[in-house]
Amino acid sequence: MWWLPRGLHPGAWWLWALGLATAASHTTNPLPLALLVAVAGRVLGRRRGDAPWALAFRMYVWLGAVIVTMRVVFRIVFGGGQGDHILVRLPEIPLPAWAAGIRLFGPVAAEQILGGFYDGLRLATMLICLGAANALANPKRLLKAVPGALYAIGTAVVVALSVAPQLVESVLRVRRARRLRGASARGMRALRGIALPVLADALDRSLALAAAMDSRGYGRTAAVPAGQRTVTGALVLGGLVGVCAGTYGLLDTAAPGYLGLPMLLAGLTAAVTGMLLAGRRVRRSRYRPDRWRPAELLVAGCGVAAAALTMLAGSVDPELLYPPVSPLTWPQLTPLMLLAVGVAAAPAWLAPPPPPTVSAGRPPAVDRPIPVTDVPADGVRAARASTPGDRP
Amino acid sequence: MITFDRVTVHYAEGGPPPLRDVTFRVEEGELCLVAGRTGAGKSTLLRAINGLVPHFTGGTLHGAVTVDGRDTRTHPPRDLADVVGVVGQDPLAGFVTDTVEEELAYGMEQLALPPAVMRKRVEETLDLLGIADLRDRPLRTLSGGQQQRVAIGAVLTAHPRVLVLDEPTSALDPTAAEDVLATVTRLVHDLGVTVVLAEHRLERVLQYADRLLYLPGDGHVHDGTPATGLAHIDIAPPLIELGRLAGWTPLPLSVRDARRRASDLRHRLAGVAPPPVPAGADTGPTLTARKIVVRYPGTVAVAGVDLDLRAGRVVALMGRNGSGKSSLLWAVQGSGPRHGGTVAVTGPKGTVDPKALPAGQARRHVGLVPQDSGDLLYLETVDAECAQADRETGVPAGTCRALVDQLVPGLPGDRHPRDLSEGQRLALALAVQLTAAPPVVLLDEPTRGLDYHAKRQFTAVARMLAGSGRAVVVATHDVELVATLADRVIVMAEGEIVSDGTTAEVMLASPAFAPQVAKVLAPAPWLTVEQVAAALDETRAPA
């Protein structure tokens, strides 16, 4: 392997996953879809770290399974009755006249179930591809890559993300405490008993976090003359208005020509200039920033190529990518589709392996005779507190 | 380094100013200990150092606070970030990122240091604090002591000249606390960082301090060396009280000091034995738990523990964080998970298992006050809480209020529970649970964040509960509290009971659990200053 182990730029994984999802959205053929899910799982197995966000993939797979099941169940319940291969005949529930066009139960055809299955599988595959991206790349690192002007928004999102699990934790804690008081109240009264302590807790925590961030230098800004601030604000606002007007002009064919593309471009330029100027005001540096290197380009390229190949396959023989359910036919693979799947799977071997990390509970990888958590007595400890370098 | 020049702080909501006309200087490289009762203004003093008071908290500050030549009136906290590093009580609440390495770099990113410098400082700091093997770990998976050291590291990377620590060890077990304090003293001695530290358990840090700022609570600050400052302090650790009792001057600051002076005292006590533990009527156990098992995904929290609780006895449950103390208490009460074993509470109507009862009934047999006692309280006033407790329990109105008055006389009824001091809130939560009159009372880390006064008050309350025929269990890290309170001590590790015996047996058996008095007077089996005082009275009386 010619790459050293390292974490990849999160953007690369997201582009790869979006490529896969795009590929999945261009077919209902269960064979390439199943292969894409397998590819996502395989790449994940070989290239994810063991950080907490990497473990969420299973949840996406479950969600995918639920989507497929729901689709099939819906087709059975609100079956249209199309198809000749009747599997079972469920008793039909007669509906009043105003619900005409809706049918409950009735005969269940194989075509109908298969159609629901294809549809659900496509949606599930797209979801699982995005889940893979979420598990492969720390979503918070992606936020770190936002431009300077959006830094404050990025921070707010990161903080909100970290508050969510804490909120769940305190809800559980307070609910347990409520049981201790013998609380048997239900509904609004119980909600009040849980919500108030949790909200008070969350408020305390946010204040503590804000104080900590403030005292660690968050929000230090370079001195900017008032004039430049006004210019920056005007540029960003004016630019955004321009973008809106431009988009409207582009979509509304009756609008005059200058409101279309030219307006959009002018608005975009103004907004970007404004943001760049605003970014200059944020004075901070980045610790070990993620960079786009050949490996990132390769991974992102694999995703884009997979999407492009599927689209190409779709334009060559569309009926193979959207296999008809009526008449019932076996789905088939084409060489182009196989190639797309192969390219999508390449990062499992071509991407650099994730850095080895030590997860909770496992002994540290470093050979160190005194694990930090396992110390003997307090009195002895103080005497032994030497510099770590002194330890054998 | 730090200068307070006639500083007075008022908060908008009125009340007496927490700081009044305070003037002092902390020199470069000093370890300055800030002591005082809860609510005496310690946090205000600490937060004024980096300008959080008044820039962040609001209020009005008269006078001037200068740090390294920068006036906090013109420099908000963020502009002092490269001079003052602040570490709070709960490290988790102050973390911004999610892994150790990123957290260490966060402050430097805000200061816009070049990447090469950041890389170097992160590595240095990881080594300095002995946390290099934690570098990739998510912050939430660390133990309390590790989190606190990461929090210290995270402010150290900015190379501040002053480190401000607000009760950094209050949530930690003794070992982890010792780790953190050892780290702090090393920073003072090796790097010459000026440290300002607030701490309730003075016995742990007094010996390392160069200066003691004592806040009596009226807004003034007494500035002095630890030995002179302690003379008129009313919140003394046992070592100091022993020194006062024996009439030593200057007062000893460390066990070593005291031990070298104590040969005379040991001699005087040679012929006397500490009073034997009152045996008490040996009734059958009120609560019998057998083979309790509690599992969490990936770990066994409690591994087949047997527990007998007798009426009128106080049992202390000790062991490091994560050793299964809380899980055991919750499992015994019946509200927490229990994956094996039996619990039987002997009541007037035969024995019952609280787990089998609805929550409202279970608390009539076993009452539990959780670690955050505030979780039990959710109404706007003390009176409303008391009325609600009476209603929930179905007892005559006023029962809970009477209990509150018994525990902490004179608690204003219109006060919001969150505005109470830690000790008052604990008493209120305890009163709410006692309203159901359970024969067994379990308390999970009740003395966390309590000062000496509140602790003494709590000890009296717990004794009173035992005196009224209840079985009391206190899970705690506080060795000195256990020495004065408990009849029996159970030590847990990894979900198992590793030792179980009378307080004297367990506490004298290992230096880790020995209270200060025992360390000074070993090998004689003395545990508390009260015991020594009583014995000295006795020896004097016949003469």
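Our subject is the structure listed above.
Described below are features of the structure shown in this document.

Rules of the game
Residues numbered from 1 in each chain as written. Chains lettered and ligands numbered in written order. Predicted model: local features only at pLDDT ≥ 70, side-chain atom pairs only at ≥ 80, totals over all residues. Contact = placed C-beta atoms within 7 Å. Helix = DSSP H or I, 4+ residues; strand = E, 2+ residues; numbered from the N terminus. Nonpolar A, V, L, I, M, F, W, Y, C, P; charged D, E, K, R; others polar. Pairing = 2+ DSSP bridges. Buried ≥ 20, exposed ≤ 12 C-beta atoms within 10 Å, placed from the backbone.

Reports of interface size often rely on the accessible area that becomes lost once the parts have come together. Between chain B and chain A, the residue contacts involve 61 residues of the former and 54 residues of the latter. Elements with a minimum of two residues in the side of chain B that touches chain A: α3 (91-94), α4 (100-110), α5 (115-128), α6 (144-156), α7 (174-191) and α14 (359-362) of chain B. No other element matches the seven residues that α4(B) contributes to the side of chain B that touches chain A. Along the lines of polarity and charge, the residues of the side of chain B that touches chain A split into 29 nonpolar, 15 polar and 17 charged.

Residue and element names in this part refer to chain B. Strand order in this open sheet of four strands is β2-β1-β4-β5, and the pairing throughout is antiparallel. Taken across any chain shown, the strands that pair with only one partner, and hence form the sheet edges, are β2 (19-26) and β5 (70-71). Strand direction decides the pairing type here: strand β1 (residues 2-10) and strand β4 (residues 60-67), joined by seven bridges, are antiparallel. Its bridge partner lying in β4, His-10 is registered against Thr-60.

Right, let's talk about helix α10 (residues 238-246) of chain B for a bit. Residues and elements named next belong to chain B. Every buried residue of α10 is accounted for by Pro-238, Leu-239, Ile-240, Leu-242 and Gly-243. On its buried face, α10 sits against α8 (202-205), α11 (255-261), α19 (479-485), α21 (516-521) and α22 (529-540). In the segment just after α10, Gly-247 is the residue with positive phi, at about 75°.

Residue and element names in this part refer to chain B. The omega angle of the peptide bond from Val-53 to Pro-54 is 5°, so this bond is cis rather than trans. Following the sequence through the fold, Pro-54 ends up in helix α2 (residues 52-55). The residue after Ala-522, namely Pro-523, is reached through a cis peptide bond having omega 10°. Position of Pro-523 among the secondary structure elements: in the loop between α21 and α22. The phi dihedral of Arg-6 falls on the positive side, at around 45°, and the residue is not glycine. Relative to the assigned elements, Arg-6 resides in strand β1. By the C-beta count within 10 Å, which is 11 here, Arg-6 ends up exposed. At Glu-494, a position not held by glycine, the phi torsion is positive, near 50°. Relative to the assigned elements, Glu-494 resides in the loop between β19 (488-493) and β20 (496-502). A residue is classified by how many C-beta atoms lie within 10 Å of it, and Glu-494, with 15 of them, is partly exposed.

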